[in-house]
Amino acid sequence: MLDESKPLFIAVAEQIEDGILDGTYPEDTPVPSTNELAAFLRINPATAGKGLHRLADVGVLVKRRGVGMFVAHGATELLRQRRRDSFARAYIVPLLREAAHLGIDPRELTEMITKEASR
């Protein structure tokens, strides 16, 4: 269930992010507690807590004293923008660099992408 190619606390945070983006955890609703996550994922509660606190530190989750962690207002758009930016850095920038290296102009690259997307 968790991506074991990265630190567990990051995988926990990404799993919660995915749940926010797919609507499992709508804005202003609670996310599972540290202990619930730890039990469900069979990991150390400190690791689960570190993943949740990572999201709180960037404004995706908010702590409500005595109640738990909730999805922050605007978290969905914040996550989408962060992932778009990451996607551009990981895929678009190298694609454009390689296209330029091969002499493919933006128009031709757009045509290639459109063709592949319609398959």
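Reading the values: rules and limits
Residues numbered from 1 in each chain as written. Predicted model: local features only at pLDDT ≥ 70, side-chain atom pairs only at ≥ 80, totals over all residues. Heavy atoms only, no water. Salt bridge = Lys/Arg side-chain N within 4 Å of Asp/Glu carboxyl O. Buried < 20%, exposed > 50% of the residue type's maximum accessible area, 1.4 Å probe, protein only. Helix = DSSP H or I, 4+ residues; strand = E, 2+ residues; numbered from the N terminus. Expected span 1.5 Å × (residues − 1). Contact = heavy atoms within 4.5 Å. Axes fitted to C-alpha atoms, helices over the stretch in contact; angles between N-to-C directions. Parallel < 35°, antiparallel > 145°, perpendicular 65-115°, else oblique. Left-handed = near helix turned anticlockwise from the far one by under 90°. Nonpolar A, V, L, I, M, F, W, Y, C, P; charged D, E, K, R; others polar. Phe/Tyr/Trp six-rings, centres within 6.5 Å; stacked < 30°, edge-to-face > 60°. Lys NZ or Arg CZ within 6 Å of the ring centre and 35° of its normal. Patch = residues over 30% accessible without salt bridge, like charges linked within 9 Å, V, L, I, M, F, W, Y side chains within 5 Å. Areas by Shrake-Rupley, 256 points an atom, 1.4 Å probe, with all protein chains shown as cover.

### Re the pattern of salt bridges
And step 1. Across all of its chains, the model carries eight salt bridges by this definition.
And step 2. With a closest N to O distance of 2.8 Å, Lys6 and Glu14 form a salt bridge.
And step 3. Look at Lys6 and you get partly exposed, because its relative accessible area is 26%.
And step 4. Looking at Glu14, the relative accessible area reads 27%, which means it is partly exposed.
And step 5. The shortest N-O distance in the salt bridge between Glu111 and Arg107 comes to 2.9 Å.

### Focus: helix α1 (residues 8-21)
And step 1. Look at α1: 20 Å from first C-alpha to last across 14 residues, which is about the 20 Å you get at 1.5 Å a residue.
And step 2. When α1 is considered as a whole, its buried residues turn out to be Phe9, Ile10, Ala11, Val12, Ala13, Ile16, Glu17, Gly19 and Ile20.
And step 3. In this structure, the buried residues of α1 make contact with α2 (34-41), α3 (45-57), β1 (61-64), β2 (68-71) and α4 (75-101).
And step 4. A positive backbone phi angle near 90 degrees is found at Gly23, which sits one or two residues after α1.

### With respect to the packing of α2 against α3
And step 1. At their nearest, the axes of α2 and α3 sit 8 Å apart, and the two run at 120 degrees to each other. Classified by the angle between their axes, α2 and α3 sit oblique to one another. The element α2 and its partner α3 pack so that their crossing is right-handed. Two secondary-structure elements touch here, α2 through Thr34, Asn35, Leu37 and Ala38 and α3 through Pro45, Ala48, Gly49 and Leu52.
And step 2. Across the contact of α2 with α3, the residue classes break down as five nonpolar, three polar and no charged.

### Description of the packing of aromatic side chains
And step 1. Scanning the entire structure with this criterion turns up one aromatic pair.
And step 2. On the numbers, 5.1 Å between centres and 35 degrees between planes, the contact of Phe87 with Tyr91 is tilted. Of this pair, Phe87 and Tyr91 both sit in helix α4, four residues apart, which is roughly one turn of the helix.
And step 3. What makes Phe87 partly exposed here is its relative accessible area of 45%.
And step 4. Of the residues examined, Tyr91 reaches a relative accessible area of 54% and is grouped as exposed.
And step 5. A cation sits over an aromatic face here: Lys50 above Phe9, 4.2 Å from the ring centre.
And step 6. For the cation-ring pair, Arg64 lies above Phe70, with the distance from its terminal atom to the ring centre recorded as 3.9 Å.

### Some thoughts on a nonpolar patch on the surface
And step 1. A cluster of nonpolar side chains, contributed by Phe87, Tyr91, Ile92, Leu95, Leu96 and Ile113, occupies part of the molecular surface with about 570 Å² of accessible area.
And step 2. With five residues, α4 is the single largest residue contributor to the nonpolar patch.
And step 3. Along the chain, Ile113 falls in helix α5 (residues 106-117).
And step 4. Exposure remark for Ile113: the relative accessible area of 46% places this residue in the partly exposed category.

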